[in-house]
Amino acid sequence: MPIDKSKIDWSLYLVTDPDMIPEGSDIYTHVREAIKGGCTVIQLREKTTDTGLFVEKAKKLLEITREYNVPLLINDRVDVALASGADGIHVGQDDMDLKDVRRLLGPDAIIGISVGSIKEAKVGIAGRADYFGLGPIWDTNTKKLTKPLVGTMGARTILSYIEQNAGYEIPCVAIGGIKDYNIQRLIFQSRTPTGSKSISGIAIVSAIMASTTPYDAAKSLLKSVKTPAPFIPAPPSPSLLHPGEALITKITETVTKIGKNGPLVHHMTNNVAKNLQANVSLAIGASPIMSENALEAADLAEINGALLLNIGTAHPESPIAMLEALRLANSAGTPVLLDPVGAGATRFRKDTVAGFLASGYCDIVKGNEAEIRALLGLSAQARGVDSLHSSSSTSRAELASTLARREQNTIVVSGAVDVVSDGERSFCVSNGDAMLGFITGSGCTLGTVIAACAAVEKDKCVAAVAGCVVYGIAAERAVKRDDVKGPGTFQTALVDEIWKIRGECQEGDFSWVKGAKISSA
């Protein structure tokens, strides 16, 4: 009896590779254990096996998959699918035409096709494919790539096209560079703007085929597929969609919570700003730890707080430790702020930041206009780590909104007017003083304040606005002090004023926030 296509669970799709199987095991034992661990679809791929042996393997595997009511699909070979009685086939864009495949295998066969672009999705839709293998999402060592990487944004674009144009439901299984640590982010970031379509499952090769414990590997991967990411932001409260009393109240509540809870802010930051960042952390009520040691990241991620990644003085080993900390923070649900200092200045910095965004989820990305433009692949004018752009708030809000929609997070474009956007809401915060530009690490330290706010406030867009407001008002208060004679005394006064604002909040005095200058962008 043919498998009911409408009831197929595409969650964990295993693509076999006989060359990866560890010594002491065989494909039949490996696949059985993988199915028992949670694999829901099996594709038999044999690129160099003779036809007779290929058919024999397929028949033996079919006995196993039928035992568990799991579909067995054959890679490319229609003749093998026919001879073995397999449940279907997966073909590439350059293989046999889908209509011919359907004619040969019949209406009950499961037929899938590889898709990496809208053009290829059109081919699949025209041929009435039963499912799409969507990718390659990220780079992989399993096979030599001949197509451009799709990424999460490309996956979302293709899924949106399918949603709007297919005319029938097409499950989409993502493949390429998928690991335990990036599954949840892939599912979250690939969902369409309507939220009604995302990937239906993941296709895995090496993570299971090369494992000495395929049962455990499959079980762990399936758990990642089935468990919602802990960092998924909740929809914002309607009262916080625009500037107003509700937002002002949230800002004072956030600062008060920092002082009350003393959240840990784990800084993996640059040497130039460390001292100021640590002092400001303490002043606002947070507990700073300045550690680039990846061996400490797991323990620190389990403590309620936030992770701040700043590449200002990054050396070649820094990204390795930062990336490990990012992945651990994502797993623990610890909010992450990324400060891509000088992202467009050098190839190393650009590649480092791209690697972070490809391998983990950053709740907030804070940068100047040149850095944000670099992340969007736009031309960026900078002198070292300083931006030379002076665009309008409206233009900067569009940059922030575009990147926020791509990453599905919150973006802060710092400057004379700070712009904060989560892709749906965009705010301008006009607090601050030009004197900030004369102290080293002032932009990095804004990241510290925002990270402290994000540690206690679930709405990361609100947390970012709160951080900008507190920091800006503290700067305005500091520069007016009689004891401030220049940048040196201003820096000390800035720390003092942040500390005073914290104290006023603890005493229930929120008059300081009357100076907040927040508008819709």
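Predicted model only: the values in this text are computed from it and were never measured. Every chain begins its residue count from 1, and numbering advances along the sequence as written. Where totals are concerned, whole chains, interfaces and linings use all residues; where local detail is concerned, this predicted model gives features only for residues with pLDDT of at least 70, and gives and counts side-chain atom pairs only at 80 or more. Here the side-chain values reflect all heavy atoms present in the structure, with hydrogen atoms and water set aside.

Q: It is not clear to me how the overall build of the protein should be interpreted in this structure. Could you clarify?
A: Numbering of helices and strands runs from the N terminus, with a helix taken as a DSSP run of H or I at least four residues long and a strand as a DSSP run of E at least two residues long. Counting secondary structure elements, the protein contains 19 helices and 19 strands. For 521 residues, the compact-globule estimate of 2.2 N^0.38 gives 24 Å, and the C-alpha radius of gyration of the protein, at 26 Å, lies within 12% of that figure. Taking the principal axes of the C-alpha coordinates as reference, the protein spans close to 90 × 45 × 40 Å. Partitioning the contacts of the protein with sequence separation of at least 6, the portion at a separation of at least 24 is 68%. In the protein, the 53 positive side-chain charges and the 57 negative ones have mean positions that sit 3 Å from each other. Here the globule rule reads 2.2 Å times residues to the power 0.38, and the radius of gyration is calculated from C-alpha atoms. By the convention used here, residues are in contact when the closest approach between their heavy atoms is within 4.5 Å. None of His or the chain ends enter the tally, which takes Lys and Arg as positive and Asp and Glu as negative. Note on charges: their place is set at NZ of Lys, CZ of Arg, CG of Asp or CD of Glu.

Q: When you look at the sheet that holds strand β5 (residues 110-115) in this model, what are you seeing that I'm missing?
A: Backbone hydrogen bonds hold the strands of a sheet together, and the pairing may be parallel or antiparallel. In this analysis, strands are considered paired if DSSP registers two or more bridges between them. As summarised here, the arrangement of the eight strands in space is β1-β2-β3-β4-β5-β6-β7-β8, forming a closed barrel in which the pairing is parallel. Each adjacent strand pair in this sheet contributes to an overall mean axis angle of 25°, direction not counted. Sheet strands in contact with helix α2 (residues 51-67) are β2 (41-44) and β3 (72-75), and its direction is about 160° off that of β3. Each axis is a line fitted through C-alpha atoms, taken for helices only over the stretch in contact, and angles between the N-to-C directions span 0 to 180 degrees. Sheet strands in contact with helix α5 (residues 118-126) are β5 and β6 (131-134), and its direction is about 165° off that of β5.

Q: Honestly, the nonpolar core in this entry has me stumped. Any pointers?
A: Soluble globular proteins: nonpolar side chains tend toward being buried together. The criterion is simple. A nonpolar core is a set of buried Ala, Val, Leu, Ile, Met, Phe, Trp, Tyr and Cys residues joined through side-chain atoms within 4.5 Å. For every residue, the accessible area obtained with a 1.4 Å probe (protein chains only) is divided by the maximum for its type, and the residue is called buried under 20%, exposed over 50%, and partly exposed between those limits. Ranked by internal contacts, the top residues of the largest apolar core, which has 63 residues, are Leu12, Phe132, Ile202 and Ile208. Per element, the largest residue contribution to this core is six residues, and it comes from α2. With residues near it in sequence (within four places) discarded, Ile202 still touches Trp10, Ser11, Leu12, Tyr13, Val173, Ala174, Ile178, Ile183, Leu186 and Val225.

Q: When you look at empty space enclosed by the protein in this model, what are you seeing that I'm missing?
A: With a probe scaled to a water molecule rolled over the atoms, the places where space remains empty come into view. Grid points spaced at 1 Å over the protein atoms alone were grouped into cavities, where a 1.4 Å probe fits but cannot get out, and pockets, open sets with protein on both sides within 12 Å along at least five of seven lines, with lining residues defined by an atom within 4 Å of a point. Grid points are joined across faces, edges and corners, and a volume is the space filled by probe spheres set on the points. Within the structure shown, the criterion is met by three cavities of 30 Å³ or more. Put simply, the largest cavity is a space of about 70 Å³. Lining of the largest cavity is provided by Leu264, His266, Ala297, Leu300, Ala301, Ile303, Gly305, Ala306, Leu307, Ala325, Ala329 and Thr334. Taken together, the elements giving at least two residues each to the lining of the largest cavity come down to β9 (264-268), α12 (294-301), β11 (305-310) and α13 (318-332).

Q: How should helix α11 (residues 274-284) be read in this particular structure?
A: Owing to its 3.6 residues per turn, the α-helix aligns residues three or four sequence positions apart on the same side. When we look at burial in α11, the residues that qualify are Leu276, Gln277, Ala278, Val280, Ser281, Ala283 and Ile284. Gly285 sits one or two residues past α11 and shows a positive phi near 110°.

Q: Sorry, what's going on with a nonpolar patch on the surface here?
A: Residues qualify for a patch when their relative accessible area is over 30% and they have no salt bridge, like charges being joined within 9 Å and the nonpolar side chains of Val, Leu, Ile, Met, Phe, Trp and Tyr within 5 Å. Per-residue and other accessible areas were derived by the Shrake-Rupley procedure at a 1.4 Å probe size, with only the shown protein chains allowed to occlude residues. Put simply, a salt bridge is a Lys or Arg side-chain nitrogen that is within 4 Å of an Asp or Glu carboxyl oxygen. A cluster of nonpolar side chains, Leu82, Met96 and Leu104, forms an exposed patch at the surface whose accessible area comes to about 260 Å². Turning to its location among the elements, Leu104 is positioned in helix α4 (residues 98-105).

Q: Just checking my understanding: could you explain the packing of helix α7 (residues 183-190) against helix α9 (residues 214-226) for this structure?
A: The relative placement of two packed helices is expressed as an angle between their axes plus a distance between the axes. Direction vectors running N to C along α7 and α9 enclose 30°, while the axes themselves pass 8 Å from each other. Classified by the angle their axes make, α7 and α9 are roughly parallel. When you trace α7 past α9, the crossing you get is right-handed. On α9, the residues touching Ile183, Gln184 and Ile187 of α7 are Leu221, Ser224 and Val225. The residue classification treats Ala, Val, Leu, Ile, Met, Phe, Trp, Tyr, Cys and Pro as nonpolar and Asp, Glu, Lys and Arg as charged. All others, Gly included, are polar. Here the residues of the contact of α7 with α9 sort into four nonpolar, two polar and no charged. Throughout, the term roughly parallel applies to angles under 35 degrees, roughly antiparallel to angles over 145, roughly perpendicular to angles from 65 to 115, and oblique to all others. Crossing handedness follows the turn of the near helix against the far one: under a right angle anticlockwise gives a left-handed crossing, and clockwise gives a right-handed one.

Q: Would you mind going over the side chain of Thr352 with me for this structure?
A: Its location among the elements puts Thr352 in helix α14 (residues 347-359). Setting aside its immediate chain neighbours within four residues, Thr352 contacts Ile311 and Pro319.

Q: Would you explain the packing of aromatic side chains in this entry?
A: What describes a pair of aromatic rings is the distance from one ring centre to the other and the angle between the planes of the rings. When two rings of Phe, Tyr or Trp (its six-membered ring) have centres within 6.5 Å they constitute a pair, described as stacked for plane angles under 30 degrees, edge-to-face for angles over 60, and tilted for the intermediate range. In the structure shown here, the tally under the stated rule is six aromatic pairs. Ring centres of Phe188 and Phe231 lie 6.2 Å apart, and the angle between their planes is 65°; this geometry places the pair in the edge-to-face category. Here Phe231 lies in the loop between α9 and α10 (245-261) and Phe188 lies in helix α7, a separation of 43 residues in the sequence. Note on Phe231: relative accessible area 7%, which makes it buried. When the centroid spacing of 5.5 Å and the interplanar angle of 75° are considered together, the rings of Phe188 and Tyr361 count as edge-to-face.

Q: I'm lost on the sheet that holds strand β19 (residues 518-520) in this one. Help?
A: Across the sheet, which stays open at both edges, the nine strands sit in the order β10-β9-β11-β12-β13-β16-β17-β18-β19 with mixed pairing between neighbours. Either end of the sheet is taken by a strand with one partner, and the two such strands are β10 (287-290) and β19. Taken over all neighbouring pairs, the strand axes of this sheet differ in orientation by 20° on average, direction set aside. Direction of pairing for strand β17 (residues 418-421) relative to strand β18 (residues 426-429): antiparallel, over a ladder of four bridges.

Q: I tried to follow the packing of α11 against helix α19 (residues 487-506) on my own but got confused; where do I start?
A: Contact pair α11 / α19: the axes reach a minimum separation of 7 Å and the direction vectors enclose 25°. When the interaxial angle is binned, α11 and α19 end up roughly parallel. Remark: the crossing between α11 and α19 carries right-handed chirality. Of α19, the residues touching α11 (which contributes Leu276, Asn279, Val280, Leu282, Ala283 and Ile284) are Gln491, Val495, Ile498, Trp499 and Arg502.

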